[in-house]
Number of protein chains: 2
Amino acid sequence: MIFTWVAIVLQAWEGKLRGLGYRVTAPRRAVLRALARAHRPLSVAELHKRGRAQYACLGLVTVYRTLQMLERVGLARRIHAGGACRSFVASTPGHSHTITCEHCEKTAEFDGDDVCLLPAGLEERTGYRVSGHWLQLVGVCRSCRASGD
Amino acid sequence: MIFTWVAIVLQAWEGKLRGLGYRVTAPRRAVLRALARAHRPLSVAELHKRGRAQYACLGLVTVYRTLQMLERVGLARRIHAGGACRSFVASTPGHSHTITCEHCEKTAEFDGDDVCLLPAGLEERTGYRVSGHWLQLVGVCRSCRASGD
DNA sequence: TGGTAACTGAAAGTGATTTTCACTTGGGTC
DNA sequence: GACCCAAGTGAAAATCACTTTCAGTTACCA
Ligand SMILES: [Mn+2]
Ligand SMILES: [Mn+2]
Ligand SMILES: [Zn+2]
Ligand SMILES: [Zn+2]
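Treat the numbers as computed from the prediction; the structure is a model and nothing was measured.

J.: Account for the protein's contact with DNA strand D, with residues named and values stated.
T.: Looking at DNA strand D, there are 20 residues lining it, with T25(A), R28(A), T62(A), R65(A) and Y64(B) nearest. Contact between DNA strand D and R28(A): a phosphate oxygen at 2.9 Å from a side-chain N or O atom of the residue. Measuring from a phosphate oxygen of DNA strand D, one finds a side-chain N or O atom of R18(B) at 3.3 Å. Elements with a minimum of two residues in the surface near DNA strand D: α2 (26-37) and α4 (60-73) of chain A together with α4 (60-73) of chain B. Residues that form the surface near DNA strand D fall into these classes: nine nonpolar, four polar and seven charged.

Shown next as structure tokens:
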């Protein structure tokens, strides 16, 4: 039996959900798999379509509910693009950020914190004590650079 | 005649719009004023309500259209909060960021660039060349700190 | 003081998301 | 393996967040 990367990730996710008291159901598996296979942020409608390839009667409402749950436990992350936050990528729990290719939308996650590295004197200048941040990067991925932008 | 800060800002904004070829109309003034007086991000519906205090028959559609225009010229900025990007604050044109108080939502703008200050080696680690970023900070403002969080 | 393109609000249209509810099912219990 | 039942599900309807259309109004320039 051959395990793909996606299969391994799905195993881990299902274990995590079970550990948190969530049931692992066929509809949820279909959403999880669609999310794990994607290389770019997908809208709810896209995830619904892809999820149906695995589980034909998957309901759109279930996709919404599953994404909400995955976001809550840190396995999915909402991506801001085009003035809205309507697409999702797989994610690892904990603090991290994403960078999305402006050509192909391929999205990667990275950590290693950063905004401790803010403008010196920001707290003095603004009067705010910084307690958190939200950051998303845009860039050009390696393969898009190779193929001439 | 006494000029408030809001009145001065509005003068400047109206001049800027005129300079760009936009007409300065009563509905637009009402939206501008609602935005200039706010200390926190406001939803379109909130701006509509506040705008009506000044111009009673202000249409919701005009609020949408005015915000779109203000965003285009850099005088308004969409704020990401609570999984959506549906509220707006006044803004100055050019690259800058905001910090929002987690208690009272009061929002300030700051510049001085930052994300040149990203994790060292990010481009090598991820393979992406960074070309842009979206950053919003959360914190506690001075007055909320003073009044015991 | 017109003339007119820009602008406006109401109403209708659209797409995204949430709510409701009767039915199904995962996973623990015996 | 059969049973139980709270958790989960999908269809339909309701709600929300815009966007489009269109007939009228108005800012601003000649
Ligand atoms: Mn960070
Ligand atoms: Mn910046
Ligand atoms: Zn790319
Ligand atoms: Zn505050």
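There's more to say after this.
J.: Mind laying out the interface of chain A and chain B, listing which residues take part and the relevant values?
T.: In this assembly, 41 residues from chain A lie in contact with 41 residues from chain B. Summing both sides of the interface, chain A and chain B together bury roughly 3300 Å²; the carbon and sulfur share of this comes to 61%. Of all residues in chain A, Y128(A), R129(A) and W134(A) give up the largest surface area on contact with chain B, accounting jointly for 21% of the area buried on that side. Taken together, the links from chain A to chain B amount to zero salt bridges. Secondary-structure elements contributing two or more residues to the side of chain A that touches chain B are β2 (76-81), β4 (97-101), β5 (107-110), α5 (122-126), β6 (129-140) and α6 (142-146) of chain A. At 12 residues, β6(A) tops the list of elements feeding residues into the side of chain A that touches chain B. Looking at the side of chain A that touches chain B residue by residue, the classes come out as 18 nonpolar, 12 polar and 11 charged. Bridge analysis of β6(A) against strand β6 (residues 129-140) of chain B gives 11 bridges, and the strand direction is antiparallel. Note on β6(B): the bridge partner recorded for R129(A) is V140(B).

J.: Tell me about the packing of helix α3 (residues 44-54) of chain A against α4(A), residues and numbers included.
T.: The description of two packed helices rests on the angle between their axes and on the distance between the axes. Residues and elements named next belong to chain A. In contact at an axis separation of 9 Å, α3 and α4 are set at 115° when each is read in the N-to-C sense. In terms of their interaxial angle, α3 and α4 are classed as roughly perpendicular. Once α3 is placed against α4, the crossing between them reads as right-handed. Of the residues in α4, those touching α3 at V44, L47 and H48 are L60, V63, Y64 and L67.

What counts and how
Residues numbered from 1 in each chain as written. Chains lettered and ligands numbered in written order. Predicted model: local features only at pLDDT ≥ 70, side-chain atom pairs only at ≥ 80, totals over all residues. Heavy atoms only, no water. Near = heavy atom within 4 Å. Polar contact = N/O pair within 3.5 Å; in protein donor to acceptor, adjacent residues only side chain to side chain. Helix = DSSP H or I, 4+ residues; strand = E, 2+ residues; numbered from the N terminus. Nonpolar A, V, L, I, M, F, W, Y, C, P; charged D, E, K, R; others polar. Contact = heavy atoms within 4.5 Å. Buried area = accessible area lost by both parts, 1.4 Å probe. Salt bridge = Lys/Arg side-chain N within 4 Å of Asp/Glu carboxyl O. Pairing = 2+ DSSP bridges. Axes fitted to C-alpha atoms, helices over the stretch in contact; angles between N-to-C directions. Parallel < 35°, antiparallel > 145°, perpendicular 65-115°, else oblique. Left-handed = near helix turned anticlockwise from the far one by under 90°.

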